[in-house]
Every structure is written in C-alpha cells, then in structure tokens.
Amino acid sequence: MGLLKNIEWTSTSSDLIVYKYPINGKDQVNKGSAITVRESQVAIFLYKGKLADVFLPGYYKLDTDNMPILTRLMSWKYGFETPFKADIFFVNTKQFTNLKWGTSNPILVRDADYGTVRVRGFGSYSFRVDDAYVFMQNLSGTEALYDTTQIEDYLRSIVVRGITDTIGESKIPVLDMAANLDELSEIVAKKLNQDFKEIGLKLSKLIFESFSLPEELEKMIDKNAGYGVLRKNLDVYTQVETIEAMKEVAKNGGGANAGVGLGMGVGLGNMFANNMQNNTGNVAQCPSCGASVGKNSKFCPECGTNLKPKCAKCGTDLKAGTKFCPECGEKVGSK
C-alpha cells in the first residue's frame, strides 16, 4: 500500500487550468497525509464520481474536520481512521491573458447617416476561474488535464456574441465608434460576466484592438474630408494657380500670349473652385467646429451642434448659429 504524504502541484504550464494529481493504483490517503495548495490554486477531492471537499490556498493535515463532505460520503462515524482512495484535482485560478477574439462575420449596424453598415472588430480578453467547483461541474469534468485551448473557441463565441449585441444596441454613430472603444469594452464586460459566472469563470478584461469599416465607406469618408479641407481654402487655391500661371508666362518671355496664359491660369483656378462647390453640394460644414457633415444631418458628429434648430416660439426653421428668430424676434435658446 502506498501512503500519500504531501500532496501538491507545482505548476509549470502557463495554459493549464486543471491538473489531476497522479495517483498510482496502490496509493491511498491516510490520516497522516497533508495537502499543500499554493496561491492561485484550488484543490478538489472527487470520490466515486462525486465532487467533494474544496481546499483553498494553504497547508492542511487531512482529517474529518477539514473533509466534512468526504466524512459524510464515507460514513465515518468515529473519525478518519482508515486509508481511502480518491481523485484529487488542482484548479489554476490565476488570470489567463491575451486570448484573441474577432468578428469572423461582419456586424450589421444601422447608422443615421450611412444606413446599414458592416463593421468588424478585433481584440483580446482575459479570464480566470472564479468558482472551481462550478467550473469542474460544467466544463472540465474529470479530465486529467484541461487547458485554455479546450475552452478558447467556446469563450470566443460568447465574447463575440456579447460584442455584437452591445454594438447593435449602443446607437453610437459608426464614425464615433473608434473613439468609444474603451466605453464599449466596459459595457460588454459587464454584460458577459453573468454568462461567465454560470460556468465558474470571470471575464477579467476585454480589449478592442481595432475597429474597421467597409473599404468603400472609408474611401468616401476620406474623400469628403479632402473636400472639406479644399473648401476652406478655395481662395488660396485660386491665388496659387494664378501665381503659377504668371511664372509660366515669365518663363516663356511674355508677349502676346502672356494674357492668354494668365487668363487660363486664373480660369483653371476658378473652374476648380466651381467644380468643388458643385461636387460638395451634399456636404455641409459645422458652424461650431468646422467638421464636414452630411447636408441632411441634424447634428454634428464631432461636437453635437444642432444643425437644424427651430424657433421655440413660432417653429420657424433657423440656420445653425442664429441668435434671434427672423420671424418673431424670439431669442434662440431662451426657452
């Protein structure tokens, strides 16, 4: 008969969650046995297929006082006297970090400015075992070794589902999502902790590492931003074209064609300015911060300015920045 003296697990794997203590066929636990549970570990005894006593970090001499469940299961009426056999599992309760998540399929978001938009997100998350007893009951069971690779796909599906629901319910404009990733992460973490708790886990941290829009929409946004910059500097652009035309005339020695060349330069500048005004007819400018906004937008996506205010007294449509109603003279914002 092999009598176990000191039962302990010195963990060397960074990914191992559950470890079954190796017991030979003849090994038994006797009254003189002890168990050492290190920090970030929990030990659980399993007797005849039933989870029994749980030991938190510490050093324990095994007797009936600290094994109440085994005492009841084995009907010890007069104390722990006879050696017995049982399975012993160590559960790693440290934090497992840098597990990756990503939206394999795009998330459909309804946006007030751009309609239905497909967005994608990628990031990482961390978790730890919060209730070893519940974790073994629901996931690891009696497997001798259980690591993060066996649970990673399942946890990723829970995380992505929570992210999809949160983004769909947030009503945040797609252009503002990249600036609100920390807030979204906190909301998702709170939303998912109940799901994790049901399997004995705790979602320690959730991180958005990137957030992307469809390529076509990104190009359109970049184009509108470029138009916005040029629209603010049309006079400068016209002057630059005129100076370039004058340089070209001087280089060619002036003469009868000088006026023609100069006129062409000025004309090109003006033509470009007119084309810019025509091409950006559907793009407006916020009077408060100067950001480019859709012509039909009600609020500025950058500063929140109301772009289509109404007079509180007579209901007349007002231009953004108007101080008094042109119809009734009411001071804007007085009510």
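Keep in mind that this is a model prediction, so the values were computed, not measured.

Engineer: Any details on helix α5 (residues 181-197)? Residues and values, ideally.
Structural biologist: Between the first and last C-alpha of α5 there are 24 Å, a value that for 17 residues agrees with the 24 Å anticipated at 1.5 Å per step. The sharpest bend along α5 comes to roughly 30°, located at Lys191. When we look at burial in α5, the residues that qualify are Leu181, Leu184, Ser185, Val188, Ala189, Leu192 and Phe196. Contact partners of the buried residues in α5: β10 (115-129), α3 (152-170), α4 (174-177) and β12 (201-212).

Engineer: Give me the lowdown on the packing of α3 against α5, citing residues and values where you can.
Structural biologist: How two helices sit against one another is set out by the angle between their axes and by the gap between those axes. Two elements in contact, α3 and α5, have axes whose closest approach is 9 Å; the angle formed by their N-to-C orientations is 130°. Taken together, the axes of α3 and α5 lie oblique to each other. Both α3 and α5 take part in a crossing whose hand is right-handed. Facing Leu155, Ile158, Val159, Arg161, Gly162, Ile163, Asp165, Thr166, Glu169 and Ser170 of α3, the residues of α5 in contact are Leu184, Ile187, Val188, Lys191, Leu192, Asp195 and Phe196.

Engineer: Describe in detail the packing of aromatic side chains, supporting the description with residues and values.
Structural biologist: The final tally for this structure, using the stated rule, is 8 aromatic pairs. Taken together, a centroid distance of 4.9 Å and an interplanar angle of 10° make the contact between Trp9 and Tyr19 stacked. Residue Trp9 is located in the loop between β1 (2-7) and β2 (16-20), and its partner Tyr19 is located in strand β2; the two are separated by 10 residues in the primary sequence. For Trp9, a relative accessible area of 5% puts it in the buried group. Consider the rings of Phe135 and Tyr146, whose centres lie 5.8 Å apart with planes at 75°: the pair is edge-to-face. Of this pair, Phe135 sits in helix α2 (residues 132-140) while Tyr146 sits in strand β11 (residues 145-147), placing them 11 residues apart in sequence. Of the residues examined, Phe135 reaches a relative accessible area of 0% and is grouped as buried. Three or more aromatic residues link up through ring pairs in this structure, and these residues are Trp9, Tyr19, Tyr21 and Phe90.

Engineer: Give a detailed account of the side chain of Thr93, specifying residues and quantitative values.
Structural biologist: Residue placement: Thr93 occurs in the loop between β7 (87-92) and β8 (95-102). A relative accessible area of 19% places Thr93 in the buried class. With near-sequence residues (within four places) excluded, Thr93 lies in contact with Ser40, Gln41, Val42, Arg128 and Val129.

Engineer: Would you mind going over the pairing of β2 in detail, with residue names and values included?
Structural biologist: The pairing of β2 with β11 spans 3 bridges and is classified as antiparallel. When the sheet's bridge partners are listed, Leu16 is paired in β11 with Asp147.

Engineer: Can you tell me about the nonpolar core, naming the residues and giving the values?
Structural biologist: Of all hydrophobic cores here, the largest spans 44 residues; its most connected members are Ile17, Tyr125, Phe127, Leu155, Ile163, Phe196 and Leu201. Residues in contact with Leu201, not counting those within four places in the same chain, are Phe127, Arg128, Val129, Asp130, Phe135, Ile151, Leu155 and Phe196. In this structure, Ile7, Leu16, Val37 and Leu70 belong to the second largest nonpolar core, which totals 22 residues.

Engineer: Tell me about the pairing of β7, and name the residues and values.
Structural biologist: The element β7 is extensively covered by neighbouring structure, given that 5 of its 6 residues are classed as buried. Where β2 and β7 come together, 3 bridges link them in antiparallel fashion. Across the sheet, Lys20 pairs through a bridge with Phe89, a residue of β7. Pairing between strand β4 (residues 41-47) and β7: 6 bridges, direction antiparallel. Within the sheet, the bridge partner assigned to Ile44 lies in β7 and is Phe89.

Engineer: How would you sum up α3? Please name residues and give values.
Structural biologist: Taking 1.5 Å per residue as the helical rise, α3 with its 19 residues ought to reach 27 Å, and the 27 Å between its terminal C-alpha atoms agrees with that figure. For α3, the full list of buried residues reads Leu155, Ile158, Val159, Val160, Gly162, Ile163, Thr166 and Ile167. Buried-residue contacts for α3 involve β8, β9 (107-111), β10, α4, α5 and β12. Just past α3, the residue Lys171 takes up positive phi, approximately 60°.

What counts, and where the lines are drawn
Residue numbers restart at each chain and count upward from 1, following the sequence in its written direction. Local features in this predicted model are restricted to residues whose pLDDT is 70 or higher, and side-chain atom pairs enter the listing and the counts only when it is 80 or higher, whereas totals over whole chains, interfaces and linings include all residues. Processing note: side-chain calculations cover all non-hydrogen atoms of the structure and skip hydrogens and water entirely. Elements are defined by DSSP. Helices are runs of H or I of four residues or more, strands are runs of E of two residues or more, and each kind is numbered from the N terminus. Here the expected length of a helix is defined as 1.5 Å per residue gap, with one fewer gap than residues. At any given residue, the bend is defined as the angle formed between two axes, one fitted to the seven residues that end at that position and one fitted to the seven that begin there. Burial here depends on accessible area, computed with a 1.4 Å probe over protein chains only, as a share of the maximum for the residue type. Under 20% is buried, over 50% is exposed, and the range in between is partly exposed. Whether two residues are in contact is decided by their heavy atoms, any of which lying within 4.5 Å being enough. To define axes, lines are fitted to C-alpha atoms, for helices over the stretch in contact only, and angles between the resulting N-to-C directions are given on a 0 to 180 degree scale. Angles are sorted into four bins: roughly parallel if under 35 degrees, roughly antiparallel if over 145, roughly perpendicular if 65 to 115, and oblique for all others. Should the near helix be turned counterclockwise from the far one by less than a right angle, the crossing is left-handed, whereas a clockwise turn marks it as right-handed. Between 30 and 60 degrees the pair is tilted, below 30 it is stacked and above 60 it is edge-to-face, where a pair is any two Phe, Tyr or Trp rings, Trp via its six-membered ring, whose centres lie within 6.5 Å. By definition, two strands form a pair when at least two bridges between them are found by DSSP. In these notes, a set of buried Ala, Val, Leu, Ile, Met, Phe, Trp, Tyr and Cys residues joined through side-chain atoms within 4.5 Å is what counts as a nonpolar core.

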